Amino acid sequence: TRVVEDFDKVTDSVCPFCGVGCQTQVYTKDDKIVLVDGKDGPANNNRLCVKGRFGFDYAQSKERLTKPLIRRDDAPKRGDIDMRFMEISDIFREATWEEALERAASGLTKIRDEKGGNALAGFGSAKGSNEEAYLFQKFIRQGFGTNNVDHCTRLCHASSVSALLEGVGSGAVSAPFTDALKADCVIVIGARPTTNHPVAATYFKQATKNGTKLIVMDPRGQDLMRHAYASLRFKPGTDVAMLNAMIHTIIDEELYDVQYIEANASGFEALREKVKDFSPEAMSEVCGIDAETLKDVARTYAKAERSMIFWGMGISQHTHGTDNSRCLIALALITGHVGRAGTGLHPLRGQNNVQGASDAGLIPMFFPDYRSVENSDIRGQMEDFWGRTLDPVKGLTVVEIIDAIHEDKINGMYIMGENPAMSDPDQLHARAALAKLDHLVVQDIFLTETAWHADVVLPASAHAEKLGTYSNTNRQVQIGRPVKPLPGEARLDWEIIVDLANRCGLDWSYDDVPEVYEEMRQVMKSLDYMPWERLEADGSVTYPVSEEGAEGSAVVFTDGFPTEDGRGRIVPADLRAPDEVPDDEFPMVLTTGRVLEHWHTGAMTRRANVLDDLEPEGFAAMNPREIEKQGLAAGDMIEVETRRGTITALLRSDREVADGMVFMPFCFNESPANRLTNPMLDPYGKIPEFKFCAARVGRAKVS
Ligand code: SF4
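Residues numbered from 1 in each chain as written. Predicted model: local features only at pLDDT ≥ 70, side-chain atom pairs only at ≥ 80, totals over all residues. Heavy atoms only, no water.

1. So, the overall build of the chain
Alright, step 1. Helix and strand counts for the chain stand at 24 helices and 30 strands.
Alright, step 2. Compactness check: the chain gives a C-alpha radius of gyration of 24 Å against a globular reference of 27 Å for 703 residues, within 12% of the reference.
Alright, step 3. Based on the C-alpha atoms only, the size of the chain along its principal axes is roughly 70 × 70 × 60 Å.
Alright, step 4. Taken over 703 residues, the chain has a buried fraction of 65%.
Alright, step 5. Sequence separation of 24 or more characterises 73% of the internal contacts of the chain that already satisfy a separation of 6 or more.
Alright, step 6. Carbon and sulfur atoms provide 46% of the accessible area of the chain, an area that totals close to 24700 Å².
Alright, step 7. Looking at the chain, you have 78 positive and 107 negative side-chain charges, and the mean spots of the two groups are 2 Å apart. (Helix = DSSP H or I, 4+ residues; strand = E, 2+ residues; numbered from the N terminus. Rg over C-alpha atoms; globule rule 2.2 N^0.38 Å. Buried < 20%, exposed > 50% of the residue type's maximum accessible area, 1.4 Å probe, protein only. Contact = heavy atoms within 4.5 Å. Areas by Shrake-Rupley, 256 points an atom, 1.4 Å probe, with all protein chains shown as cover. Lys, Arg positive; Asp, Glu negative; His and termini not counted. Charge placed at Lys NZ, Arg CZ, Asp CG, Glu CD.)

2. Examining the pattern of salt bridges
Any two side chains of opposite charge can pair if their charged atoms end up close together.
Alright, step 1. Taken as a whole, this structure holds 53 salt bridges when the rule is applied.
Alright, step 2. Of the charged contacts in the structure, one is a salt bridge between Arg93 and Glu99, with a shortest N-O distance of 2.8 Å.
Alright, step 3. When its relative accessible area of 31% is taken as the criterion, Arg93 is described as partly exposed.
Alright, step 4. The closest approach of N and O atoms between Lys409 and Glu407, which form a salt bridge, is 3.0 Å. (Salt bridge = Lys/Arg side-chain N within 4 Å of Asp/Glu carboxyl O.)

3. Some remarks on helix α17 (residues 398-406)
Alright, step 1. Taken residue by residue, α17 has Val398, Val399, Ile401, Ile402, Ala404 and Ile405 as its buried positions.
Alright, step 2. For α17, the elements touching its buried residues are β6 (120-123), β7 (149-150), β16 (412-416), α19 (427-436), β28 (678-681) and β29 (688-689).
Alright, step 3. After α17 finishes, the residue Asp408 shows a positive phi value of roughly 65°.

4. What to know about the environment of Glu518
Alright, step 1. Mapping Glu518 onto the fold places it in helix α21 (residues 513-523).
Alright, step 2. Owing to a relative accessible area of 26%, Glu518 belongs among the partly exposed residues under this scheme.
Alright, step 3. C-alpha of Glu518 to C-alpha of Trp532: the two residues are 14 residues apart in sequence and 7.3 Å apart in space.
Alright, step 4. Separated by 2.9 Å, the side chains of Glu518 and Arg521 make a polar contact. (Polar contact = N/O pair within 3.5 Å; in protein donor to acceptor, adjacent residues only side chain to side chain.)

5. As for the sheet that holds strand β19 (residues 468-471)
Alright, step 1. With antiparallel pairing, the three strands of this open sheet are ordered in space as β19-β20-β21. The open sheet has two free edges, formed respectively by β19 and β21 (540-542), since each of these has just one partner strand. In this sheet, neighbouring strand axes are inclined to one another by 30° on average, regardless of whether the strands run parallel or antiparallel.
Alright, step 2. Across four bridges, the pairing between β19 and strand β20 (residues 476-480) is antiparallel. For Gly468, the partnering residue across the bridge sits in β20 and is Gly480.
Alright, step 3. In the packing of helix α4 (residues 130-144) onto the sheet, the strands contacted are β19 and β20, and the crossing angle to β19 comes to about 95°. (Pairing = 2+ DSSP bridges. Axes fitted to C-alpha atoms, helices over the stretch in contact; angles between N-to-C directions.)

6. Focus: the pairing of strand β3 (residues 32-38)
Alright, step 1. With five of its seven residues buried, β3 lies for the most part within the structure.
Alright, step 2. Here strand β2 (residues 23-29) pairs with β3 via six bridges, running antiparallel. Following the sheet pairing, Thr24 is matched in β3 by Gly38.
Alright, step 3. The turn linking β2 back onto β3 is made up of two residues, and Asp30 within it adopts a positive phi angle of 50°.

7. Here we look at the packing of aromatic side chains
Alright, step 1. Evaluated as defined, the whole model comprises 17 aromatic pairs.
Alright, step 2. Plain terms: the ring middles of Phe619 and Phe663 are 6.5 Å apart, the flat faces sit at 50° to each other, and that makes the pair tilted. Placement of the pair is Phe619 in strand β24 (residues 619-622) and Phe663 in strand β27 (residues 661-665), with a sequence separation of 44 residues.
Alright, step 3. Three or more aromatic residues joined by ring pairs form one cluster here, namely Phe136, Phe139, Phe144, Tyr414, Trp508 and Tyr510.
Alright, step 4. Over the face of the ring belonging to Tyr203 we find Arg47, whose NZ or CZ atom lies 4.0 Å from the ring centre.
Alright, step 5. Looking at Lys138, its charged tip hangs above the ring of Trp508, at a distance of 4.9 Å from the centre. (Phe/Tyr/Trp six-rings, centres within 6.5 Å; stacked < 30°, edge-to-face > 60°. Lys NZ or Arg CZ within 6 Å of the ring centre and 35° of its normal.)

8. Looking at the nonpolar core
Alright, step 1. Judged by nonpolar contacts, the single largest core of 100 residues is most densely connected at Leu135, Phe139, Phe310, Tyr414, Leu458, Trp508 and Met530.
Alright, step 2. Residues within four places of Phe139 in sequence aside, it is in contact with Phe144, Tyr414, Ile497, Leu500, Ala501, Cys504, Leu506 and Trp508.
Alright, step 3. One finds Ala163, Ile261, Tyr301 and Val338 within the second-largest nonpolar core, a separate group that totals 56 residues. (Core = buried A, V, L, I, M, F, W, Y, C linked by side-chain atoms within 4.5 Å.)

9. A look at the pairing of strand β25 (residues 637-642)
Alright, step 1. Sheet analysis places β25 next to strand β26 (residues 645-653), joined by six bridges and oriented antiparallel. Bridged to Glu641 within β26 is Thr646.
Alright, step 2. Here β25 folds back onto β26, and the loop between the two strands holds two residues.

10. As for a nonpolar patch on the surface
Alright, step 1. Judged by side-chain polarity, Phe7, Val10 and Val34 come together as a nonpolar surface patch covering roughly 200 Å² of accessible area.
Alright, step 2. Structurally, the position occupied by Val34 is in strand β3.
Alright, step 3. When its relative accessible area of 35% is taken as the criterion, Val34 is described as partly exposed. (Patch = residues over 30% accessible without salt bridge, like charges linked within 9 Å, V, L, I, M, F, W, Y side chains within 5 Å.)

11. Digging into the packing of helix α5 (residues 158-168) against helix α14 (residues 321-335)
Alright, step 1. One can describe the packing of α5 onto α14 by two numbers: an axis separation of 8 Å at closest approach and a directional angle of 45°. As far as their axial angle goes, α14 and α5 are oblique. In the crossing of α5 with α14, the sense of the turn from one axis to the other is right-handed. Between α5 and α14, the contacting residues are Ser159, Ser160, Ser162, Ala163, Leu164, Glu166 and Val168 on the first element and Gly321, Thr322, Ser325, Arg326 and Ile329 on the second.
Alright, step 2. Considered class by class, the residues forming the contact of α5 with α14 number four nonpolar, six polar and two charged. (Parallel < 35°, antiparallel > 145°, perpendicular 65-115°, else oblique. Left-handed = near helix turned anticlockwise from the far one by under 90°. Nonpolar A, V, L, I, M, F, W, Y, C, P; charged D, E, K, R; others polar.)

12. Quick notes on the sheet that holds strand β1 (residues 9-14)
Alright, step 1. Reading across the sheet, the three strands line up as β1-β2-β3 and stay open at both edges, with antiparallel pairing between neighbours. Strands at the two margins of the open sheet, each flanked by one partner only, are β1 and β3. Each adjacent strand pair in this sheet contributes to an overall mean axis angle of 30°, direction not counted.
Alright, step 2. The pairing of β1 with β2 spans six bridges and is classified as antiparallel. Bridge pairing links Lys9 to Thr28 in β2.

13. With respect to the side chain of Thr28
Alright, step 1. With respect to the helices and strands, the residue Thr28 is situated in strand β2.
Alright, step 2. Apart from residues no more than four positions distant in its own chain, Thr28 is found in contact with Phe7, Asp8, Lys9, Ile33, Val34 and Val483.

14. Focus: unusual backbone geometry
Alright, step 1. Between Tyr543 and Pro544 the backbone carries a cis peptide bond, its omega angle lying at 0°.
Alright, step 2. Mapped onto the elements, Pro544 comes out in the loop between β21 and β22 (568-569).
Alright, step 3. The backbone of Asn46 shows a phi angle near 80°, a positive value even though the residue is not glycine.
Alright, step 4. In this structure, Asn46 sits in the loop between β3 and α1 (50-54).
Alright, step 5. Non-glycine residue Lys686 carries a positive phi angle of around 60°.
Alright, step 6. Of note, Lys686 is situated in the loop between β28 and β29.
Alright, step 7. Judged by relative accessible area, Lys686 falls into the partly exposed class, the value being 24%.

Now the structure itself:
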């Protein structure tokens, strides 16, 4: 614990960045944050990573939006501008809240009234609180009569969630990551926890010191491999081959749990049939891992008394992302490694509240608590509760909404706290869609790349300025508290949503955030026995809670699954190639991801001085062997090109990147990796294939 002497106040809160959900103590002086320290929360036990500890000053940035903005009539055409090289006043003029809200609402209601609610869409945010997510989706559904509402879960774990809902009846984790300390074997696949979930990674390392066998599977090398019993750097895109080979071994050597399968799972015989063709010997060439290693990790996982699987975007961001997750679920179900402490399935959730935002209904196919919008009984209940007729058809997802704008089916959007101009695949296509909208309202704390395209910009609240609940990857609901005042005329997000809803014809009245939370609890069984007062008193409550006063259930599926027949469903997966494989024209594989110091599209962390000093510019990383083979040198400016575009970036040498591969982080707007990525979707989760597309590189032309 660090010591700071010059402060006025210390406030307990939670970190605004990743899904680990570290609890913090925020020290302020003269209404400014001066230090953030770790608190003894259940997910962090006083620990913080570099983002949580040093990334706080973005909230105090001079670039914060402090007044509403309206697009000038003489502003350059949308889509033709790069605000980095322009003055804000060339594009926008300042406005009063009255004028801005009126302009925002009238533009949206005009489209709704003339073209119908389905001509509108909304992107909410996984960075906002549960209450903001709930109000946002309620506004889109109740106020516009459409289910076209989504958020960045569609870009991260949507395929994992679709496989989990199908297989085990719940999209949330079955056990917390801290249970790694109770496991005998831990598999981490397609995830880089030391970069993206750094505090969770400390528990994995700690577990290995206690004797846990850690198996890390990733085409790229990573720090965690230094602590691993086995490291499998398989060929990118061959997850199903490798995992089916493990399942083949477990079945072939009769290492599966017959009693568990008989009591709890269906589909085993179909799986047995499917994996007959996936022997480790046959799959070794496909995935690049020798057969004996495949057998050894299969035996290690299956024979352990308690095994857990953790996964990330390397599994989910593929056109076969749902199939990848189906294999992981099958592994757990045939070995009985689920439903007990130290066992389970854990997709490491990305943003601080992506779990909660999805739970709260910020997705196009479900009302809060994953209740289908297409089920007439459920819809009837929600219509009674909200007092409006609701759209009976599920809405469009993030990338589908972008395509629908190009097809002239969607003409207006309300975007709160998301940055699709940076985060969506095939970025020029996404930005052209934003530019094509008849009316775009953006609510944010900075003039993001998405806000450049807006007609109306509403200055909103940073995490450090608001009260709200956040649900982390462990299903722990925790309270974030305000530690500093709002800058200028910026307002609280929930109040802006309410004002806009009322100007769009609704009649909402909420006094405060706890009132919104209590309304959520009326339609979310998952929050039973978790009143606001209990969150305040306990500091963190894990859902579900089975009865009044009981502890939350850290481990679920202890007695079957929340499916129709109470059994887990094994769904065999076939090997499918990525959508775009390398060829003579584009011989390399481009993969994208994050870096330790920056968070997603960089809107916050690139304005955090310490973090941006540590990692100040975009880059493309390649293996030194590949760099030499291509006649390049580290430090060169190179062009990375795919079928969707070309960008220039600094070449960095990195032994962790495989031969034939180039890695780019997607947070740098000066070398925006998503200009290159493939928008092709997984058919179930509707997630784009960020982790794999064909590319070529060459020295940048000097003009
Ligand atoms: Fe914040 Fe995640 Fe780092 Fe914890 S691990 S301090 S939640 S960014």
